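Summary of the model geometry
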Amino acid sequence: MNIPVTPFMWIMAFLPIIVLLVLMIKFNWGATEAAAVGLVITAVTGVAFYKADLKLLAVESAKGIWSALIILIIVWTAILMYQVGDEARAFLVIRNGMRKLLPNELLLVIAMGWIFESFLQGITGFGVPVAVGAPLLIGIGVSPLWAVIIPLFGQAWGNTFGTLAAAWDSLAMSAGLAVGSDAYLRTAFWTALFLLLWNAVTGLAICWFYGKGKALKKGLPAVLVMTVIQGGGELLLSQVNTTLSCFLPSCISLVVILLMGRMKMYKEEWSISDSAIMDRSAKGAGVDEAPSDMTLVQAFVPYFLLSALTLIVLLVKPINAFLGQFSFGLAFPETQTGYGYVNAASDCFSPLALFTHASMFLFISSIVGLIYYRKHRWIKDGGVKRVFVKSVSMTMPSGIAVIGLVIMSKLMSGTGQTVVLANGIATVLGKAYVVLAPFVGLLGTFMTGSNMSSNILFGDFQMTTANLLNVDAAAVLGAQSAGGAIGSAVSPSKIILGTTTANILGREGEVLKKILSITVPATIVIGVIVFVMLAL
């Protein structure tokens, strides 16, 4: 790469990101409008300062559109599942039923906003926990804004080893870590250790949001137990089986949180009347509208099916191998900037294996749920048409924002701007760079919407930088992927998933502002830990 890594070039590369953040946080712009401005700036800086030509812009934009369409399939199918449940009034049953199982409102929010999302992240990922979790939280009385924020936190700790370790495998591949080697296991240990810390932060943050100090005191026992099971379980299993190191602990935690609801400290009704995250004006509304003949188990039928389908297809290797062979992608030519930064040609870019993709599990679960609810007359005449019309109308506005953000990330990557950002930081800071190593991972996920993509983009860079600085690469790579996992909580494309299903599209800036207050300090702490450990 011959791109000059100068302060000016670094500032030009950072400009689209800072503009995006300022517009969303300072001026409360929606992601749709902010993404359009960021995209224009990225294209201009790419041509004017990074010597990109129109062919490169066209090819990378096409890659972005294709990648965005794959994301939007998940968005639509997740919204479809939500609309099926909403039309059948299943969320009212879920709300009433979960309140009976978990009369302690804080424990209920923890269960539905953290533990259930962890379970979904363990098997599906791809933003599904956020898209599905937001309407479920609204159903138990959480205000729409917080119903988006809480699942974003809840799914983040499982973002590396979740989805059956897809993001972890891409880190190992990018950094050249041989499976089972000492470097592989040490990197897995560091990654899981940092995620254990983040897991604890997640639980404590949810308690703080709910009722500050009073809720922290009440929820601390549950948070500690969940952290030991989820974060601690993942840490132990990362040394045994990385594929299941998130999924198994998240399953166990789902069972344990329900059992904790029967314990003396949580079995009585308890709530904070002036909780900032609860919408008390809606409490009790619609209780009488819930179908009297629908049980809690029946209300969860689509979600049970979603879990079963995902597990069978992803864990049963013969089925996975058979269905996974049906994939397709688009061919793209090689492109190159005037500085010699090359984007290799691809015969099958970002192939979509439709039958093993999260969207297929969501779609089948939605259709079966629709048929099941219709058979029991919980969906009335005309309801099927309303479900599909509403799901399409809710998806379209967010689609524009997702396409803009993904194209922006592809242009930054394709013109070399993303690499200059990371290289510039490492060059200036020297060994102090390790403090910002997790921020590089966070940056990658912020831009691409995927911890897996962040690890692919920066895994080799982090390994090379660690070797050049003569520091432990395992700790740096662990910080990279942990930062990428935390970054999934602030990724605009994931935030849009939540605001869409929560029906508050356009308030992404408000969501981002609140989440950054937790994610930035946590990422700094991880960086400082790496620096201190490597300095000893």
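See the structure above.
Quick caveat: nothing in here was measured; it's all calculated off a predicted structure.

A look at the overall build of the chain
Per the secondary structure count, the chain includes 21 helices and four strands. Whereas a compact globule of 536 residues would reach a radius of gyration of roughly 24 Å, the chain reaches 22 Å, a difference of no more than 12%. Within the span of the chain, comprising 536 residues, buried residues form 58% of the whole. If you take every contact in the chain between residues at least 6 apart in sequence, the share linking residues at least 24 apart comes to 81%. For the chain, the exposed area adds up to about 20300 Å²; of that, 69% sits on carbon and sulfur atoms. For the chain, the distance from the average site of its 32 positive side-chain charges to the average site of its 24 negative ones is 6 Å.

Side note on a nonpolar patch on the surface
Taken together, the side chains of Val520, Ile524, Val528, Phe531 and Val532 define a hydrophobic patch exposed on the protein surface, amounting to about 350 Å² of accessible area. Relative to the assigned elements, Val528 resides in helix H21 (residues 508–535).

Looking at the packing of aromatic side chains
Tallied over the entire structure, the rule returns 25 aromatic pairs. Ring centres 6.2 Å apart and planes at 85° place the aromatic pair Tyr433 and Phe461 in the edge-to-face group. Taken together, the residues Tyr433 in the loop between helix H16 (417–429) and helix H17 (437–448) and Phe461 in helix H18 (residues 451–469) connect sequence positions 28 residues apart. In this structure Phe461 comes out as buried when scored by relative accessible area, which is 13%. Measuring from centroid to centroid gives 6.2 Å for Phe458 and Phe461, while their planes differ by 65°, and the two rings are edge-to-face. Of this pair, Phe458 and Phe461 are both found in helix H18, three residues apart, which corresponds to roughly one turn of the helix.

Some remarks on the nonpolar core
In globular proteins that are soluble, nonpolar side chains generally tend to be buried together. Of all hydrophobic cores here, the largest spans 168 residues; its most connected members are Ile110 and Met112. With residues up to four places along the chain from it excluded, the contact list for Ile110 reads Ile115, Ile206, Cys207, Val223 and Ile257. Residues Val59, Trp66, Ile70 and Phe349 belong to the second largest nonpolar core, which totals six residues.

Section: unusual backbone geometry
The backbone phi angle of Arg89 is positive, close to 60°, even though this residue is not glycine. Position of Arg89 relative to the elements: it lies in the loop between helix H3 (54–87) and helix H4 (90–101).

Re the pattern of salt bridges
For side chains bearing opposite charge, pairing can occur when the charged atoms are close. Enumeration over the complete set of coordinates arrives at eight salt bridges. With a closest N to O distance of 2.7 Å, Arg280 and Glu105 form a salt bridge. Separated by 175 residues along the polypeptide, Arg280 in the loop between helix H10 (247–260) and helix H11 (296–299) and Glu105 in helix H5 (residues 105–123) bring together distant segments of the chain.

Digging into the side chain of Thr356
Summarising the element assignment, Thr356 is placed in the loop between strand E4 (346–352) and helix H14 (358–375). Relative accessible area serves as the criterion here: at 17%, Thr356 is assigned to the buried category. Apart from residues no more than four positions distant in its own chain, Thr356 is found in contact with Val313, Leu314, Asn320, Leu323, Gly324 and Phe361.

Focus: the state of the cysteines
All chains considered together, the criterion is met by zero disulfides. Lacking any disulfide linkage, Cys246 is separated from the closest cysteine sulfur, that of Cys251, by 9.0 Å. By relative accessible area, Cys246 is classed as buried at 0%.

Here's the deal with the environment of Leu512
Its location among the elements puts Leu512 in helix H21. Since its relative accessible area comes to 0%, Leu512 is described here as buried. Sequence separation between Leu512 and Val490 is 22 residues, and the spatial gap between their C-alpha atoms is 6.1 Å. The contacts of Leu512, once residues within four sequence positions are left out, are Leu21, Met24, Ile25, Val490 and Ile495.

Observations regarding the packing of helix H2 (residues 31–48) against helix H15 (residues 383–415)
One can describe the packing of H2 onto H15 by two numbers: an axis separation of 8 Å at closest approach and a directional angle of 25°. Classified by the angle between their axes, H2 and H15 sit roughly parallel to one another. Relative to H15, the crossing made by H2 is left-handed. Taken together, the residues of H15 that come into contact with H2 (itself represented by Ala31, Thr32, Ala35, Gly38, Leu39, Thr42, Ala43 and Gly46) are Pro397, Ile400, Ala401, Gly404, Leu405, Ile407, Met408, Leu411, Met412 and Thr415.

A word on the packing of H17 against H18
Their axes nearest at 8 Å, the elements H17 and H18 cross at an angle of 140°. By the criterion of interaxial angle, the relationship of H17 to H18 is oblique. Between H17 and H18 lies a crossing of right-handed hand. Across from Ala437, Val440, Gly441, Gly444, Thr445 and Thr448 in H17, the residues of H18 making contact are Asn451, Ser453, Ser454, Phe458, Phe461 and Gln462.

What about the side chain of Thr500?
Mapping Thr500 onto the fold places it in helix H20 (residues 492–501). Excluding anything up to four places from it in sequence, Thr500 contacts Ile79, Met394, Ser398 and Leu505.

Some details on the environment of Gly478
Mapped onto the fold, Gly478 is located in helix H19 (residues 473–487). Residue Gly478 is classed as buried on the basis of its relative accessible area, which comes to 0%. In the structure, Gly478 is positioned 285 residues away from Leu193 in sequence and 8.4 Å away in space, judged by C-alpha atoms. Setting aside residues up to four positions removed in sequence, Gly478 forms contacts with Thr187, Trp190, Thr191 and Phe194.

What counts as what
For every chain, the first residue of its written sequence is number 1, and the numbers climb from 1 along that sequence. Selection of residues for local features in this predicted model requires a pLDDT of at least 70, selection of side-chain atom pairs for listing and counting requires 80 or more, and totals for whole chains, interfaces and linings are taken over all residues. Side-chain numbers come from the whole structure's heavy atoms, not from hydrogens or water. Only DSSP runs of H or I with at least four residues qualify as helices, and only runs of E with at least two residues qualify as strands; both kinds are numbered from the N terminus onward. Each radius of gyration reported is based on C-alpha atoms, and the globular scaling rule is 2.2 Å times the count of residues to the power 0.38. For every residue, the accessible area (1.4 Å probe, protein chains only) is compared with the maximum for its type, and the residue is labelled buried under 20%, exposed over 50%, or partly exposed between those bounds. Here a residue-residue contact requires only that any non-hydrogen atoms of the pair lie within 4.5 Å. Only the protein chains shown count as cover for residues, and the accessible areas themselves come from Shrake-Rupley with a 1.4 Å probe. Within this scheme the basic residues Lys and Arg register as positive and the acidic residues Asp and Glu register as negative, but His and the chain ends are omitted. In this description, the location of a charge corresponds to atom NZ of lysine, CZ of arginine, CG of aspartate or CD of glutamate. To count toward a patch, a residue needs a relative accessible area above 30% and no salt bridge. Like charges then connect within 9 Å, nonpolar side chains (Val, Leu, Ile, Met, Phe, Trp, Tyr) within 5 Å. Should a side-chain nitrogen of Lys or Arg be within 4 Å of a carboxyl oxygen of Asp or Glu, the pair is scored as a salt bridge. Planes of paired rings set the category: under 30 degrees apart is stacked, over 60 is edge-to-face and the rest tilted, where pairs are Phe, Tyr or Trp rings (Trp by its six-membered ring) whose centres lie within 6.5 Å. What makes a nonpolar core is a set of buried Ala, Val, Leu, Ile, Met, Phe, Trp, Tyr and Cys residues whose side-chain atoms join them at distances within 4.5 Å. Counting rule for disulfides: a pair of cysteine sulfur atoms within 2.5 Å. Fitting a line to C-alpha atoms yields each axis, with helices limited to the stretch in contact; the angle taken between N-to-C directions then spans 0 to 180 degrees. An angle below 35 degrees is treated as roughly parallel, one above 145 as roughly antiparallel, one from 65 to 115 as roughly perpendicular, and anything else as oblique. It is the rotation of the near helix from the far one that decides the hand of a crossing: anticlockwise by less than a right angle makes it left-handed, clockwise makes it right-handed.

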